[in-house]
Each structure stands twice: as C-alpha cells, then as structure tokens.
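So you can see what is in the structure, the chains are spelled out below.
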Amino acid sequence: GVDTGSLIAVDDQLFFLKGGALWKSDGSATAASATAITSGAGVDSGSLMGVVNAAGSAIQVYFTKAIGTQLWTTNRAASPSTASQITLPGAGFDDSSLTVVGETLYFHMQTGTDGIQFWQHINATLSATLLFKDPVQLTAVGTTLYFKAVSPTSGTSLQLWRFDAAGYTQIANGLSNLDNLTAAGSTRLYYTVNGALNTVTNASTTVTRVDFMAANDLTAAANLAVADTRLFFTATEMGAVRLFTTN
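Residues numbered from 1 in each chain as written. Predicted model: local features only at pLDDT ≥ 70, side-chain atom pairs only at ≥ 80, totals over all residues. Heavy atoms only, no water.

A.B. asks: Honestly, the environment of Ala58 in this entry has me stumped. Any pointers?
C.D. replies: Within the secondary structure layout, Ala58 lies in the loop between β5 (49-52) and β6 (59-65). On the basis of relative accessibility, which here comes to 10%, the residue Ala58 falls in the buried class. Considered as a pair, Ala58 and Val10 are 48 residues apart in the sequence and their alpha carbons are 9.9 Å apart. Those residues in contact with Ala58 that sit more than four places away from it in its chain are Val51, Val52, Asn53, Arg76, Ala77 and Ala78. (Helix = DSSP H or I, 4+ residues; strand = E, 2+ residues; numbered from the N terminus. Buried < 20%, exposed > 50% of the residue type's maximum accessible area, 1.4 Å probe, protein only. Contact = heavy atoms within 4.5 Å.)

A.B. asks: When you look at the nonpolar core in this model, what are you seeing that I'm missing?
C.D. replies: One recurring pattern in soluble globular proteins: nonpolar side chains tend to sit buried together. Counting 13 residues, the largest nonpolar core has Ile8, Val10, Phe15, Leu22, Leu48, Val61 and Phe63 as the members making the most contacts within it. Put simply, the parts of the chain that give this core at least two residues each are β1 (2-10), β2 (13-18) and β6. The dominant element in this core, judged by the number of residues it contributes, is β6, at three residues. Those residues in contact with Val61, other than ones at most four positions away along the chain, are Ile8, Val10, Phe15, Leu48, Met49, Gly50, Trp72, Thr73 and Thr74. In this structure, Ile171, Leu175, Tyr191 and Val193 belong to the second largest nonpolar core, which totals twelve residues. (Core = buried A, V, L, I, M, F, W, Y, C linked by side-chain atoms within 4.5 Å.)

A.B. asks: Could you clarify how one ought to interpret the sheet that holds strand β4 (residues 34-36) in this entry?
C.D. replies: Pairing between the strands of a sheet is mediated by backbone hydrogen bonds and can be parallel or antiparallel. With antiparallel pairing, the four strands of this open sheet are ordered in space as β1-β2-β3-β4. The sheet is open, and its two borders are formed by β1 and β4, each paired with just one other strand. For this sheet, the mean inter-axis angle between neighbouring strands, taken without regard to orientation, is 30°. With three bridges joining them, strand β3 (residues 21-25) and β4 adopt antiparallel strand pairing. Bridge pairing in β4 links Trp23 to Ala36. (Pairing = 2+ DSSP bridges. Axes fitted to C-alpha atoms, helices over the stretch in contact; angles between N-to-C directions.)

A.B. asks: Would you mind showing me how to read the pairing of strand β20 (residues 196-201) here?
C.D. replies: Note on strand geometry: in a regular strand, side chains alternate between the two faces of the sheet. In terms of residue burial, β20 counts as a mostly covered element, since five of its six residues are buried. When strand β19 (residues 188-193) meets β20, the two strands line up antiparallel, connected through six bridges. Opposite Thr192, over in β20, you have Leu197 as the bridge partner. Between the antiparallel neighbours β19 and β20 lie two residues, among them Asn194 with a positive phi of about 55°. In this sheet, strand β21 (residues 208-209) lies alongside β20 in antiparallel orientation, the contact comprising two bridges. Among the inter-strand pairings, Asn198 is bridged to a residue of β21, identified as Arg209. Counting the residues that bridge the hairpin from β20 to β21 gives six residues.

Structure below.
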C-alpha cells in the first residue's frame with residue numbers, strides 16, 4: 001500500500017512511496033495519473049525531499065536507501081521519471097544532516113582523509129565546500145543555511161555560521177553550549193546558549209537576546225518549535241518546566 005507518511009508536494013506534483021518504491025502523481029483524479037519512478041524498492045520511509053530549480057521549470061527529489069546509508073536522486077526535469085544513486089567519496093554520510101536550501105541539497109560527511117566536510121549536490125553535481133570541524137544542526141532559513149561548527153582555519157570552540165549568496169559568515173563565537181537552531185519563517189533563526197534564547201535575521205549579523213529571564217525569572221529555554229512564524233518553547237519557572245511562546 002501507500003506509505004502515507006512519505007507524501008511530499010514538489011511544485012505541482014505529489015511524490016510518495018508505494019511498496020517501498022517511489023511514485024508520483026500530477027494530482028488528477030484518475031488512477032493513471034500515478035506512475036512509478038524507476039528507482040527500485042527499498043526507499044527509506046520519510047526520507048523524501050524535493051527542490052525546484054531557480055527558473056521554476058524543473059524539479060528534483062532526493063531520498064535515501066539502505067537505512068540512510070545511500071543517497072539517491074531523481075533526474076531534474078519538469079516531470080522526473082528515473083532515479084539513480086549518488087556516488088559518495090566516503091562511508092561517513094550522515095543522512096540526518098540532509099538540508100535543502102533553494103535548489104541545492106547540503107549535508108556533511110566524513111571522507112576518512114579530510115575529516116568532516118560540508119558537501120552540496122545541485123542538479124547532477126556533487127562537490128565539497130569548506131572543511132569545518134563537526135558541522136551539525138544544518139538549518140534552512142529561507143535561502144540561507146545556518147549551522148554550528150568549529151572554524152575551518154582556527155579555534156576550538158563552537159561558532160554559529162551562516163552560508164548564503166555572499167558566502168560563509170561567522171555570526172557568533174565561543175558558544176560551547178550552542179543548541180536548538182530553529183527557523184521561524186523565511187528570515188529569522190532562534191537558538192539557545194546556556195539556556196538563554198537568542199535570535200538573528202538573514203538581513204543582519206547582529207544577535208539579539210530574547211529578554212524573557214529578567215521579567216519572568218525563566219531559565220533553561222529548550223524544545224523550540226515554530227507554528228508559522230511564532231516560536232514556542234519550554235523553560236523553567238520557579239522550579240517547574242512550562243510552555244511559553246513569543247508575541
């Protein structure tokens with residue numbers, strides 16, 4: 001049967017798994033509108049993610065197989081019909097890091113010789129970007145990618161980084177307890193440092209601390225989640241963990 005947890009819409013088409021294989025539909029009511037994409041069975045449930053090219057004329061769907069150890073992609077076309085495995089240069093592929101920004105797929109991988117690197121795949125081209133130490137929590141905010149890592153050239157402490165059309169920018173440094181990177185809409189990122197809640201927008205490198213502690217005696221912000229652009233989080237108030245939200 002159809003894996004209802006695998007459904008994703010990419011532009012005007014629906015992609016889903018049926019019997020462990022990748023299928024697509026153009027949304028019409030007839031059964032003939034659903035066709036199988038040549039990829040074989042064994043697609044990991046919940047692994048589908050799609051991109052639309054900048055011109056809006058072609059789409060591409062990425063997915064994993066073999067319990068997250070293989071990375072696959074469909075051809076990039078107005079209506080993809082085939083899929084193939086992406087040949088990776090190392091065995092340290094981390095499927096949990098897969099993040100789509102614009103029309104590019106980003107992830108990190110341990111190659112064995114160069115350590116953990118950022119990689120990107122666009123259309124049919126796989127390439128490495130900068131060498132960071134332990135890049136994690138890749139988070140897409142609109143067309144901007146945020147992540148935490150140690151500098152590729154110096155330093156030993158965690159830093160908050162941003163990658164966009166202008167290249168890589170360090171947002172904050174010396175953040176040993178940086179955590180909970182969370183996108184709110186297409187322009188704002190929230191994160192925590194030692195339980196304090198902070199935010200930054202794509203248009204600036206200025207970090208603003210969300211001042212909830214002094215007014216409400218709250219500590220240990222965690223479990224960040226967003227509905228539309230509104231942030232919800234838990235925090236400790238007088239010894240009890242409660243749910244809060246931004247205005």
